[in-house]
Amino acid sequence: MEGRAFVVLLVIASLIVLAENTDHKNAIEIYSLHVDSTVTSRFAHTVITSRLVNKVNESREAIFEVELPKTAFITNFSMSIDGETYPGTIKEKTSAQEQYDIAVSHGQSAGLVKTTGRKLEQFHVSVNVASDSKVTFELIYEELLKRQLGKYELLFKVRPKQLVKHFQIDVHIFEPQGINFLETDSTFMTNELTEALTKVQNETKAHILFKPTIGQQKKSPELEETLLDGDFIIRYDVKRSVSAGDIQIVNGYFVHYFAPSEMPTFPKNVIFVVDQSGSMSGRKIEQTRDALLKILEDLRPEDHFSLITFNSLVTEWKNTLLQATGQNVESAKRYVKTVMARGGTDINNALLTAANTLDKANYAEILQAHSISMIILLTDGQPTVGVQDVEIIQQNIQKAIKGKYVLYCLGFGFDVSYKFLEKMALDNGGIARRIYEDSDSDLQLQGFYQEVATPILKDIEIQYPENSILELTQNSFKLFFDGSEIVVAGRIDNELDVLPVEIQAQSHTSNLIFKEEANVREKEKVFQHQKYIFGNFIERLWAYLTIQQLLEKSISAQEEQQKNLQVARALELSMKYSFVTPLTSMVVTKPDDQQKLHLANKPTESDNEKSRFTGFSGNKLSKSHITKALSFRRHHDQIRSDGYFDVSLARDYVHRAPKTGQRAILFDTPEHSPDTNEYPHFLFQLPRQNDVICLNIDGQPQAYINLISDPDKGVSVTGKLGRNRNHFVLFEITNLDPHVQLRVSKEGTVLSYGGHTTKLPWTKSASSTIQGLKIAVEKERSLTMSASDNITIKITFIKSPNRFLGLYFMDTDHFSDKASGLLGQFYFDTHLESNPGASQGEDERVLSVHGQKHRVTRKNKKDYRQESATGIISCWSLHITP
């Protein structure tokens, strides 16, 4: 009997539930899946409970994967197997890592099971379930909902992939200020499923329950297939007025929400500083142009603006800022349409030029007296021209801006150091944001601009009684944007009966003072009889907010001692309140025949990046800081003498895979040890699955191999192995409409179209569009062929240690079921199954391809893909003969 792997994948908010069934109906059955979320004054407490049973007469593997918001802190995870519960324990990251290292040294196998995505973090746990046994997984996390563009949002991605007898999403919302509006939306709702949705709302409370029966979940009465596949969204906002906001108090802690509305918008003076270096070629520069064209249209007539583009040189659209009149906006749009990607990256000179342009405009009194000046930087890489030391760049920009302007830094993709951009933005009153390379990158750019497009207050100071409020969170803010919210929390002295607050701020038209008084005893009564309030939630909200702000402050701290104190305090609070933060880990141990130790760490945004960013200033921490506070890894040989840690060395020991003994699972940042120095022939992700296959073929050298052919999409790819058969050295791509052929070799690309040929060498960037088909060469890096509603084909040029080509596909959902060829066969009717005959200690599965079974083993391989975040990929290794 073939073994099977069964997966439960949950994303809360965003929620995905994935349970993969095979020929044996409901072998591992998810008989109950509950998502219970309580939102009290924006602070969300979510409990995910999944109950499974093994209904066959042999052990099966159950896999639990949960994706949760990046802003959330896990507070508990436990497994209950046949009535025995194995709870999680929060530990300092150093201590937890040492426990994990000891387990590894005793022969546990390890695999990367925690990654980060655009909005989510993922962790994964697997457990063997004996015949007729039951297992319950429970995950709890907490987060403060952030108001953006006038609303709070809970997004649940629902994808169970099987019918679940007891399925429900149960959300309670309590907002003492009053609920202004509340709406639900879904991409999969039908008339039958609508009947399973109930929404009850009064002045301050809302209850949303989605509880479909088995019959309502079915696509049709005859099919055992589920309709639940898509997004379920809850949006709401609270009532508020132009006042000092709302104060809420529970057990000696208060939270203060301030979000005025209906105020005049400050005129903006904004300079867009846009990277047009060679690495931006292809889709990136096209999406950037599209986004800028939309953003320019959204400028208000009273705004002033300018554009600076840069590669090896810095180019100004105009040498000053112009008012956003219709004529000037149209002129700027014409300029944007001419921007092409080529050359290097001179970030330092570009930002200095922007600061100088604002200085000159202020001196010439071109700008309005009461206006907001900002610089928005978009770059996809590290500095390669001019000043390249990022510490010096950060210092130069801070000296040039001198607190007069706000700097926002947008990092496009993963070839940029997020820590570098984040520190530079925080040093200058702004924030950093990563723009993910995807089909909606232009919408991400527009979305960010909308968040900062309407400043209505500046220089906000919120004052409380100095001697009566302890441990106050941030209470001074440079800017406030319409549709957002300021949140301040603190601890109240026991003797205080009335909590007064005074807010001073400047609007476009006047200086403002808001005053309010909160009766401590009356405010505490509001929450005394609410049945679904979870504990001292305002105290936990205060701790959550304090930890986040301490970690942010530590990034821009100027003194090492100050940074260490901030991190030490954040660690202390993380431990006290049982939060999994970047400073702590959760350990769950389940004793059985092969002991499993689960270690859950929280990654940061910069952990997504490639190891080549080691040595950037954002990673500079003292040895004592790392070992005593952050404890990135316990081995001191990973901390260089200059105080930087080396990510590549850190990976060397994290994921070793011994063949015997215990099995450890590390919930960690996306880092792997390069325990193999091999590049696979091919890397590809199974369609609509998270699993990556690394494929090697035993082919004949210099022989052409049909890799993929899809007649419905009009595209085919063949490849040729080099003489030593280690790698591919030639690919030929044929596109039927328009009829274009590409011959890609180690020397470059030959493009054939309409009887003409064009040579595109690797030594320079170039791009061309033929009837909507886009072909772009990025200098000495990659070639991309893409078209709307079709597959994107990318070929990476690897120069070291031996020159070769790496092929991979993006937007693979566009492949039709007629795709064939060595790679084409994997893009439909393919899935992974468990392997009950696996050797002890081996992480093995069975890959089913159109019913044919292939044994695959978890391996770490070098990742040749340009979008790789780590340089090393954990994948299922497969060898086949074409």
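What you see is a predicted model, and the numbers here were worked out from it, not measured in a lab.

### Here we look at the overall build of the protein chain
(1) Moving on: When helices and strands are counted, the protein chain shows 14 helices and 51 strands.
(2) Moving on: In the protein chain, which comprises 882 residues, the proportion classed as buried is 60%.
(3) Moving on: Of all intrachain contacts in the protein chain linking residues separated by at least 6 positions in sequence, the fraction that spans at least 24 positions is 68%.

### Points about the environment of Leu847
(1) Moving on: Counting through the fold element by element, Leu847 comes out in strand 49 (residues 844–849).
(2) Moving on: Classification of Leu847 as buried rests on a relative accessible area of 0%.
(3) Moving on: As a C-alpha pair, Leu847 and Trp876 span 29 residues in sequence and 8.9 Å in three-dimensional space.
(4) Moving on: Discounting residues that sit within four places of it in the chain, Leu847 has contacts with Leu686, Ile693, Phe826, Thr830, His831, Leu832, Gln852, Lys853, His854, Val856 and Leu878.

### What about the sheet that holds strand 26 (residues 455–463)?
(1) Moving on: Ordered in space as 28-26-30-31, the four strands form an open sheet in which the pairing is antiparallel. Edge positions in the sheet fall to strand 28 (476–481) and strand 31 (511–519), since each has one partner strand and no second. Geometrically, the sheet is characterised by an average inter-axis angle of 25 degrees between neighbouring strands, direction not taken into account.
(2) Moving on: Sheet analysis places strand 26 next to strand 30 (residues 498–506), joined by four bridges and oriented antiparallel. Residue pairing for strand 30: Glu461 is matched across the bridge by Gln504.

### Description of the side chain of Gln168
(1) Moving on: Relative to the elements of secondary structure, Gln168 occurs in strand 12 (residues 166–174).
(2) Moving on: Overall, the relative accessible area of 9% leaves Gln168 in the buried class.
(3) Moving on: Leaving out residues up to four positions away in the same chain, Gln168 has contacts with Leu33, His34, Val35, Asp36, Leu209, Phe210 and Lys211.

Criteria and cut-off values
- Residues numbered from 1 in each chain as written.
- Predicted model: local features only at pLDDT ≥ 70, side-chain atom pairs only at ≥ 80, totals over all residues.
- Heavy atoms only, no water.
- Helix = DSSP H or I, 4+ residues; strand = E, 2+ residues; numbered from the N terminus.
- Buried < 20%, exposed > 50% of the residue type's maximum accessible area, 1.4 Å probe, protein only.
- Contact = heavy atoms within 4.5 Å.
- Pairing = 2+ DSSP bridges.
- Axes fitted to C-alpha atoms, helices over the stretch in contact; angles between N-to-C directions.

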